[in-house]
Amino acid sequence: MKLNIMVIYEALSRNYTLCFVTCVDTNFAYSRPRLYTPGASLVENEIYVARSSDLPPLSENQSPSNICIVAIGKPPAEYTKLSLNIIWIETIQHISSVFNELQEVYNIYDNYESSLNQGLLEQLGFQTVITVFENIFRNPVAIVDMNFHYLAKSPELGNTPETAELMADKDGNMPLDVVNSVKFDPIFNAVSEYKEAFLYVNDITTSHNLCLNIWHRESQVARVLIFEVNTPFLEGHYYLMNALRPYVHLYYEQFIFSNVSQPLSLRHTLMQILDGHQVSSYILEQTLKNHGWEMEDTFVLYYVQLSEDDRRSKTSAFICKNLMTEFSFCTAFEYKDNIVLLINQTRAGQDIEFVESRLIYIFRESILKTGKSRRFSGLFSISEYYRQAVAALRLGHRFQPTIWHHTFEEYAFLYLLIECKNLASPGTLYADGLLKLREYDRDNHTSYNETLKAYLYHHFNTTHAAASLYIHRTTFIERMGRIKKIINFNLDDYDTCLHLMISYRLEDL
C-alpha cells in the first residue's frame, strides 16, 4: 500500500525524534522506500532512507520531482531550498534500523490492504472494514446508511460514555433524537456533498468524527464514521481514509448485490396501484398474504409531508423504517417526495386510539405534518383515500396552519365545496335568488343579503339572528318579509335552503 509523507512521519515519530525540514506535498503517495547508496542518483517519485552526509549535491535544475528523503542527521543546506519532502531524524541512528522500521510500517499497511482484499474475495461484508479501520484509527467505527441504519459498527460503539447516545435500537437504527438533531444541522447537510474524508463535530456526543461518504450511481448512500474517543486524529488519517475509499465502495457494491430486494413487495404493489397501473386481484391477494394481511382488512392512510430538512438529509427511508419498526401492522414508503403510511387496523390488535396518539407523538417529535384518510377496505381504492389524506393536510394547512395533524373527516364538506368550485365558476353555482338579493342591495344600499345569511346561520331563529346583527327582532322579521318577496323562494323547502347555505359557504372560501 502506498503511503504519504504524513503517515510516514507519524509512524516514525513513535520511536524517533523528528522534524520536518520541508514538506511540499502531502497528497503524493510513495511505494516502499529505498536504502540510498552513496554516489547513486536520486530517482523521482521515490522515498529514500539516507545519511545526510551521503546525499549528493543538488541544484534547483537537478532536483527530481516528488522525492521524499528520510535523512539521518541534518540534511545539506541546499536541500532545504528545493521542492522536496524531507524528514530529519535528529538523533543519530543506524541507517539499517531506520530502514527496517520504515519497512515494517509498510508491512502493517500492506497487511491491512490484504485483509480488505481477502474480505472481498470471501464476501465477509462490512465488518471486515470495521475491523481494519479499528486497527488503523484506534477508535470505534460505524457505517450508517441514509436510513440512519447501522450497516456495521464497532462492538464498543454505544457502550462507552462518549458514544452512549448512539446506541442502536433492537433493529439496528440510530436513536430518533439523534436523527432529528442532525437532520436540522446545516453543516451535516452541507457535508453530504463531500467526496473526500472530512471532520464533523457531532453535537450529541460532542466528539470529532472523521467521515467518508459512500457514493453509488452519483448519490450518497451511506457514511463511514470514526469517533474520536480513544485516540486523537492525526493528519495522516485523512490520507488513509481517502486511500482506502475504493475498498469501502467495493464493499458497498458487494453489499447491495447481496441484498437485492424482491420486486413483488407490498410497497411496490401499492405504488403500482397509486400510479394507476393495472394490478390483478391475484397479485394483490398473494402480496397481502405474504405480508400476513387479507383483502377484507380495514385500513387508514396517512399522508406524511416531509420537511425541506428531511428531503435535504434524505431521511425519508429512516422515517419509514422507524414507523414500520414501531408498528408491525403498517407499511410505509416514499411516494412523490413525501411518505405514505398505511395502517392495517384489523391487524393492529390494540386500541386504535392509542395507536393514533402514539403516531401523532412521533409525527410531532419528528416535525412532520400529516393528513389522515377515512377508514376503508379494499386496497384497489387506495388512490381515493390517498387523495383524502392529501386533501386533509392541504385544507388543514390552509384553515388551521398551526396544527400539524389533520383528518379528512374534519374537512370532508370543505373538500366537497372546493371540488365543486374547481369544476365551475362559483357565480354559476350560486342560488339565483342570492344573485337577485345582491343586486337589490347594490342598487338600494340595503343589507338584505347579510340578513338572510344570518337567518340561515342561526337555524331560522329570528331572535338569535337579529341579535347577531344588533337590530330589533321586529325589524328583522320585517326585513325577512321583504327578502322573501325579492327572491321569491320558499324558505320552508329543504333543498332551497340547502342551496342557499351552500352558496353562502362557497362565497366564504
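My aim in this report is to walk through the structure given alongside it, one point at a time. The numbering scheme is per chain: residues are counted from 1 as the chain's sequence reads. Under the rules for a predicted model, residues below a pLDDT of 70 receive no local features and side-chain atom pairs below 80 are neither given nor counted, while totals for whole chains, interfaces and linings still include all residues. In computing side-chain properties, one takes all heavy atoms of the structure into account and sets aside hydrogens as well as water.

### Observations regarding the pairing of strand 13 (residues 298–305)
Link 1 in the chain: Under the scheme applied here, a residue whose accessible area is under 20% of the maximum for its type counts as buried, over 50% as exposed, and between as partly exposed, the area being computed with a 1.4 Å probe on protein chains only. Only runs of H or I of at least four residues qualify as helices and only runs of E of at least two qualify as strands under DSSP, and these elements are numbered from the N terminus. Across the eight residues of strand 13, seven count as buried, placing the element largely inside the fold.
Link 2 in the chain: Two strands qualify as a pair provided DSSP detects at least 2 bridges between them. Where strand 13 and strand 17 (residues 376–377) come together, two bridges link them in antiparallel fashion. What sits directly across from Thr298, in strand 17, is Ser377.
Link 3 in the chain: Direction of pairing for strand 13 relative to strand 15 (residues 338–344): antiparallel, over a ladder of six bridges. Looking at the pairing, Val300 lines up with Ile343 of strand 15.
Link 4 in the chain: As judged from the four bridges shared by strand 13 and strand 16 (residues 369–372), these two strands associate in the antiparallel manner. Residue pairing in the sheet places Tyr302 in a bridge with Lys372 of strand 16.

### Remarks on a nonpolar patch on the surface
Link 1 in the chain: The patch calculation keeps residues exceeding 30% relative accessible area without a salt bridge and links them within 9 Å when they carry like charges or within 5 Å when they are nonpolar (Val, Leu, Ile, Met, Phe, Trp, Tyr). Working definition of accessibility: Shrake-Rupley area with a 1.4 Å probe, residue cover restricted to the visible protein chains. We define a salt bridge as a contact between a side-chain nitrogen of Lys or Arg and a carboxyl oxygen of Asp or Glu at a distance within 4 Å. On the surface, Tyr494, Leu498 and Met501 cluster together into a nonpolar patch covering about 310 Å² of accessible area.
Link 2 in the chain: Note on placement: Tyr494 falls in helix 20 (residues 494–508).

### Some points on the sheet that holds strand 10 (residues 198–201)
Link 1 in the chain: Taken in spatial order, the five strands make up an open sheet running 9-8-12-11-10, and their pairing is antiparallel. Each having just a single partner strand, strand 9 (150–153) and strand 10 make up the two edges of the open sheet. Each strand axis lies, on average, 30° off the axis of its neighbour in the sheet, ignoring direction.
Link 2 in the chain: Two strands pair when backbone bridges link them, and strand 10 and strand 11 (residues 208–216) are joined in this way by four bridges, in the antiparallel orientation. Across the sheet, the residue bridging to Tyr200 is Asn209, located in strand 11. Each axis is a line fitted through C-alpha atoms, and for a helix only the stretch in contact is used; angles between axes span 0 to 180 degrees, taken between their N-to-C directions.

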